[in-house]
Amino acid sequence: MAYEIIANAATPQQREEKAVLRIDNVVKRFGDNTVLDHISFDVNKHETVAMLGASGSGKSTLMKCVNLLEQVSDGQIWLGDLDITDPRVDSDEVRARIGVVFQHFNLFSHMSVLKNVTLAARKVFNWDKERANDKAMELLKRIGMDHKAKEYPDRLSGGQQQRVAIVRALMMDPELLLLDEITSALDPLLVGEVLEMVEELKDQGATILMATHEMHFARSAADRIILLRNGKVAENGTPEEVMDNSTDPETQAFFRSYRS
């Protein structure tokens, strides 16, 4: 199934390198524990960047810093031309520009699919009901789930719930989409339909930063791989450069552990 989520797919000529997200020397400490140790990299417009690394390497913490759920201890994070680590910024305005999907769907069980998808648009950004519902139904129709609009999450499969969560993240036409281990809570049989949707979003020109343990997916979908190790950037390059051709013994051992 093709998911036509983004109306105007980017042409190769439009995929110019322009940083949507710039992470500049970011440090995050919890007490004496340094979780992020001077992290720096960019995510360019229309680029998909996959963060890989062992559990505890700092992937989810960095995602939370980008979405302002955690404050950095040092360094800066830029969303376009805005320093979002400046304490004077309006966090709601920043979050309106970023779509986030977590591993545990976070759908409200007492609300229908339609109400879940429209909740933030209506309650946070004051869209009227008709505008919010029209946009939500358009997005749900594009993934073939408009007939599930009145269903409740417990009537959906895990893969369907995660696709609804992705649609919810797309409601505000975000400049950046953050995907934090979005398949880790799914039955293996359901992983494929969610990853297929992400690949379609990439093909249509979305700008994506994702943390994942799905190595085959990262290889096929990502333009660039960021490998985190002990809170530092150990590798930054194309999938081929990082996953196949790295000369670093620890990097080689990390990827061998997934092949075995």
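The structure under discussion appears in the preceding block.
Computed from a prediction, not measured in an experiment: that's the story for all the values here.

1. Re the pairing of strand β4 (residues 74-79)
Regular strands place their side chains on alternate faces of the sheet.
Then comes step 1: Pairing of strand β1 (residues 19-30) with β4 involves 5 bridges; the strand directions are antiparallel. Paired with Asp24 across the two strands is Gln76, which belongs to β4.
Then comes step 2: Taken together, β4 and the strand that follows it, strand β5 (residues 82-83), pair antiparallel across an intervening segment of 2 residues, in which Gly80 is found at a positive phi of about 60 degrees.

2. Re helix α6 (residues 188-203)
Then comes step 1: Under the 1.5 Å per step criterion, the end-to-end length of α6 is 24 Å for 16 residues, consistent within 8% with the ideal 22 Å.
Then comes step 2: Regarding α6, the residues found buried are Val191, Val194, Leu195, Met197, Val198, Leu201 and Lys202. Projection of α6 onto a plane perpendicular to its axis shows the buried side chains occupying an angular sector of 155 degrees, all on one side.
Then comes step 3: Those residues of α6 that are buried lie in contact with β3 (48-52), α5 (158-170), β7 (176-180), β8 (208-211) and α7 (215-221).
Then comes step 4: Positive backbone phi, approximately 100 degrees, marks Gly205, located one or two places after α6.

3. Digging into the pattern of salt bridges
Then comes step 1: The tally for this structure, following the rule as stated, stands at 15 salt bridges.
Then comes step 2: Linking Glu181 and Lys59 is a salt bridge whose minimum nitrogen-to-oxygen distance equals 4.0 Å. Of the two residues, Glu181 is situated in the loop between β7 and α6 and Lys59 in helix α1 (residues 59-66); the sequence distance between them amounts to 122 residues. Each member of the pair, Glu181 together with Lys59, is buried.

4. As for unusual backbone geometry
Then comes step 1: One non-glycine residue with positive phi stands out, namely His38, at about 55 degrees.
Then comes step 2: For His38, a relative accessible area of 43% translates into the label partly exposed.

5. A closer look at the side chain of Lys28
Then comes step 1: With respect to the element layout, Lys28 can be found in strand β1.
Then comes step 2: Within the structure, Lys28 has its side chain in polar contact with the backbone oxygen of Gln71 (distance 2.7 Å).
Then comes step 3: Not counting residues up to four positions away in its chain, the partners in contact with Lys28 are Asn33, Thr34, Val35, Leu36, Thr61, Cys65, Glu70, Gln71, Val72 and Ser73.

6. Description of the sheet that holds β8
Pairing between the strands of a sheet comes from backbone hydrogen bonds, and it takes one of two forms, parallel or antiparallel.
Then comes step 1: Strand order in the open sheet formed by 6 strands is β6-β7-β8-β3-β9-β10, with mixed pairing between adjacent strands. With partners counted over all chains shown, the strands left at the sheet margins are β6 (98-101) and β10 (232-237), one partner each. Averaged over all adjacent pairs, the angle separating strand axes in this sheet is 15 degrees, with direction ignored.
Then comes step 2: With 4 bridges joining them, β6 and β7 adopt parallel strand pairing. Considered in β7, the bridge of Val101 is made with Leu179.
Then comes step 3: The strands that α1 touches are β3, β6, β7, β8 and β9 (224-229); relative to β7, the one it contacts most, it runs at about 150 degrees.

7. What to know about the nonpolar core
Then comes step 1: Counting residues in hydrophobic clusters, the biggest one holds 49 residues, and the most contacted among them are Leu52, Ile166, Leu179, Ile208, Met210, Ile225 and Phe255.
Then comes step 2: Leaving out residues up to four positions away in the same chain, Phe255 has contacts with Leu52, Met215, Leu227, Val242 and Met243.

8. Things to note about the packing of helix α3 (residues 113-123) against α5
Then comes step 1: Running from N to C, α3 and α5 cross one another at 30 degrees; their axes reach a closest spacing of 8 Å. With respect to each other, α3 and α5 are oriented roughly parallel. Here the hand of the crossing between α3 and α5 comes out right-handed. For the pair formed by α3 and α5, the contact residues are Val113, Asn116 and Val117 on the first element and Val164, Val167 and Arg168 on the second.

9. A closer look at the environment of Ala222
Then comes step 1: Turning to its location among the elements, Ala222 is positioned in the loop between α7 and β9.
Then comes step 2: Given the relative accessible area of 8%, Ala222 is considered buried.
Then comes step 3: For the pair Ala222 and Tyr258, spaced 36 residues apart in sequence, the C-alpha separation works out to 17 Å.
Then comes step 4: If near-sequence neighbours (up to four positions away) are discounted, Ala222 is found in contact with Thr48, Ala50, Met210, Phe217 and Pro239.

The rules behind these values
- Each chain carries its own residue numbering, running from 1 in the written order of its sequence.
- Selection of residues for local features in this predicted model requires a pLDDT of at least 70, selection of side-chain atom pairs for listing and counting requires 80 or more, and totals for whole chains, interfaces and linings are taken over all residues.
- To get the side-chain values, all heavy atoms of the structure are used, and hydrogens and water are removed first.
- In short, DSSP must find at least two bridges between two strands for them to pair.
- Numbered from the N terminus, helices here are DSSP runs of H or I no shorter than four residues, and strands are runs of E no shorter than two.
- To estimate how far a helix should extend, the number of its residues minus one is multiplied by 1.5 Å.
- Here's how the labels work: a residue is buried when its accessible area is under 20% of the maximum for its type, exposed when over 50%, partly exposed in between, all with a 1.4 Å probe on protein chains only.
- To be clear, the arc concerns the directions from the helix axis to the C-beta atoms.
- In what follows, residue pairs with any heavy atoms lying within 4.5 Å of each other are defined as contacts.
- Take a side-chain nitrogen of Lys or Arg and a carboxyl oxygen of Asp or Glu: if they are within 4 Å of each other, that pair is a salt bridge.
- Between N or O atoms, a polar contact is any pair within 3.5 Å; within protein, one atom must be a potential hydrogen donor and the other a potential acceptor, and residues adjacent in sequence are included only when both atoms are from side chains.
- To get an axis, a line is fitted to the C-alpha atoms, and for a helix only the part in contact is used. The angle between two axes follows their N-to-C directions and goes from 0 to 180 degrees.
- Nonpolar core, defined: a set of buried Ala, Val, Leu, Ile, Met, Phe, Trp, Tyr and Cys residues in which side-chain atoms within 4.5 Å join the residues together.
- By the definition adopted for this analysis, an angle is roughly parallel if under 35 degrees, roughly antiparallel if over 145, roughly perpendicular if from 65 to 115, and oblique otherwise.
- Helix crossings fall into two classes, left-handed where the near helix is turned counterclockwise from the far one by less than a right angle and right-handed where it is turned clockwise.

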